Amino acid sequence: MSKFQKKKKEMPAVNTASLPDIVFMLLFFFMVTTVMRETDLKIKKPKLPKADQVKKLEKKSLVNYIYVGKSKDDTPGDKIQLNDRISKVSDIPSFIFNARRKHSEEDVKKLTTSIKADMKVNVGTISDIKQQLRNVNALKINYSTLKGNAFDNVK
Amino acid sequence: MARRSTPEINAGSMADIAFLLLIFFLVTTTMDVDTGISRKLPEKQDPNIVPPVLKEKNVFEVNVNRNDEILVEGDTYMKVDELRAAAIKFIDNGGGTAESLQKDNLSPCTWCGGDKDPTSSDHPKKAIISLQSDRGTSYAMYISVQNELVGAYTDLRNIYANKKFGKDFKDISNADQKKIKNDIYPQIISEAEPTK
């Protein structure tokens, strides 16, 4: 009978030696793709309008952002944020020139200005911004929107 | 000189450390893509240049006032959801005859599916949409109107691409896209200074 009282066979353990390698690979992937927010919002987070005729902004390094919205302490009027401080409309040309200086001649033509504006701001403010952009010949703009039904904006 | 073998470092916890970092980056990473309506602003004009005279029938006037109401062609009150159809009807009208288009080196629009109404636009290349808003118009309304006007062109280009190539506009080759953009349905949306 002793023949049947064999020692219990142990399950062979899965070799986990390569686990760190796999994890490191994933880690490097996320480290490379992650983008930390460069700018802190000094205004209330703009609630972007929705639209369906949208295009993707391809190269993020070639995009300058202008934020438009209400200030955090609810003072009336639309506030404009360039880089990380609240600015006046008249600061836009220098903002654009600064951005241009960081890029080569070739890339300057491809620079796009993305306007991230809240749904409630007035067209007048946007129009002032556009006028300033025209003055410095920064003609490519993009009205930042969410993907969705445009009729949801107005109800 | 007896050689002492260096004790190996226990690397068992390496995976844990790596996992911790991995989770950190997983959480902080954002993969959002920025989307939006792309437009090109007109270049600054020399104030001495006299703007070319346009025939009124070739201009589709859209007015948005400070109460977010839309007035089309100076006489029709419209909702946003009717705007696209109206714009398509105007652009795709193609009412010009061979003689009237000859001086602009254009031939009558053969691909237009419109009514050929002589009191509306002559040719898609001559049809201009003029958008006039007020400084008090809300940005949400403004974007909706822009979206519908751009949408009108997108729809027309899609119809044409489907008829000619059997595919949507975005799926045809770049050269064909360019041809449609330049010669078939060029997007001409002009924005006037907002009223005070």
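Basis of the calculations
Residues numbered from 1 in each chain as written. Chains lettered and ligands numbered in written order. Predicted model: local features only at pLDDT ≥ 70, side-chain atom pairs only at ≥ 80, totals over all residues. Helix = DSSP H or I, 4+ residues; strand = E, 2+ residues; numbered from the N terminus. Rg over C-alpha atoms; globule rule 2.2 N^0.38 Å. Contact = placed C-beta atoms within 7 Å. Buried ≥ 20, exposed ≤ 12 C-beta atoms within 10 Å, placed from the backbone. Pairing = 2+ DSSP bridges. Axes fitted to C-alpha atoms, helices over the stretch in contact; angles between N-to-C directions. Parallel < 35°, antiparallel > 145°, perpendicular 65-115°, else oblique. Left-handed = near helix turned anticlockwise from the far one by under 90°. Nonpolar A, V, L, I, M, F, W, Y, C, P; charged D, E, K, R; others polar. Expected span 1.5 Å × (residues − 1). Arc of directions from axis to C-beta.

Caption draft 1: Representation of the overall build of chain B in the model. A tally of regular secondary structure across chain B gives five helices and six strands. Expected size for 196 residues packed as a compact globule is a radius of gyration near 16 Å; at 28 Å, chain B overshoots this value by more than 25%. Dimensions of chain B, computed from the C-alpha atoms along their principal axes, are close to 110 × 45 × 40 Å. Across chain B, every contact between residues at least 6 apart in sequence was considered, and the portion connecting residues at least 24 apart equals 63%.

Caption draft 2: Quick look at the overall build of chain A. Scanning chain A for helices and strands turns up four helices and eight strands. Taking 15 Å as the expected radius of gyration for a compact globule of 155 residues, we find that chain A reaches 26 Å, considerably beyond that expectation. Its C-alpha atoms give chain A principal-axis dimensions of about 100 × 45 × 35 Å. Looking at chain A residue by residue over its 155 residues, the buried ones come to 29%. Long-range pairs, those at least 24 residues apart, make up 79% of the contacts in chain A between residues at least 6 apart in sequence.

Caption draft 3: Representation of the sheet that holds strand E6 (residues 189-191) of chain B in the model. Residue and element names in this part refer to chain B. Strands sit in the order E4-E3-E2-E5-E6 across an open sheet of five strands; the sheet is mixed. Edge positions in the sheet fall to strand E4 (76-78) and E6, since each has one partner strand and no second. Taken over all neighbouring pairs, the strand axes of this sheet differ in orientation by 25° on average, direction set aside. With three bridges joining them, strand E5 (residues 128-133) and E6 adopt parallel strand pairing. Note that in E6 the partner of Ser-130 across the bridge is Ser-190.

Caption draft 4: Geometry of the packing of helix H1 (residues 19-33) of chain A against helix H1 (residues 14-28) of chain B. Two numbers describe how H1 of chain A lies on H1 of chain B: the axes approach to 9 Å, and their chain directions differ by 25°. Taken together, the axes of H1 of chain A and H1 of chain B are roughly parallel relative to one another. Crossing handedness for the pair H1 of chain A and H1 of chain B: left-handed. The residues of H1 of chain B that touch H1 of chain A, namely those facing Leu-19, Pro-20, Val-23, Phe-24, Leu-26, Leu-27, Phe-30 and Met-31 of chain A, are Met-14, Ala-15, Ala-18, Phe-19, Leu-21, Leu-22, Phe-25 and Leu-26 of chain B.

Caption draft 5: Quick look at the interface of chain A and chain B. The interface is formed by 46 residues belonging to chain A together with 43 residues belonging to chain B. At the level of secondary structure, the elements contributing two or more residues to the side of chain A that touches chain B comprise H1, strand E2 (55-56), strand E6 (112-117), helix H4 (123-135) and strand E7 (140-144) of chain A. When residues in the side of chain A that touches chain B are grouped by element, the largest group, nine residues, is from H1 of chain A. Split by residue class, the side of chain A that touches chain B holds 25 nonpolar, twelve polar and nine charged. Looking at chain direction, E2 of chain A and strand E1 (residues 35-40) of chain B are connected through two bridges and run antiparallel. By the bridge assignment, Lys-56 of chain A is partnered in E1 of chain B with Thr-35 of chain B.

Caption draft 6: Region of interest: helix H2 (residues 80-91) of chain B. Residues and elements named next belong to chain B. The terminal C-alpha atoms of H2, which comprises twelve residues, lie 17 Å apart, in line with the 16 Å expected from a rise of 1.5 Å per residue. Of all the residues in H2, the buried ones are Leu-83, Ala-87, Phe-90 and Ile-91. For H2, the angular spread of the buried residues around the axis is 85°, confining them to a single face. Looking at the packing, one finds that the buried side of H2 touches strand E2 (59-64), strand E3 (70-72), E4, E5 and helix H4 (139-165).

Caption draft 7: Spotlight on the sheet that holds strand E5 (residues 85-87) of chain A. Taken in spatial order, the seven strands line up as E2(A)-E1(B)-E7(A)-E6(A)-E3(A)-E4(A)-E5(A) in an open sheet, and their pairing is mixed. At either end of the open sheet lies a strand with only one pairing partner, and these are E2 and E5 of chain A. Summarising the sheet, strand E3 (residues 63-69) of chain A and strand E4 (residues 79-82) of chain A pair through four bridges and their orientation is antiparallel. Each residue of the ladder has a partner; that of Tyr-67 of chain A, found in E4 of chain A, is Gln-81 of chain A. Together, E3, E6 and E7 of chain A form the strand contacts of H4 of chain A, whose direction differs from that of E6 of chain A by roughly 165°.

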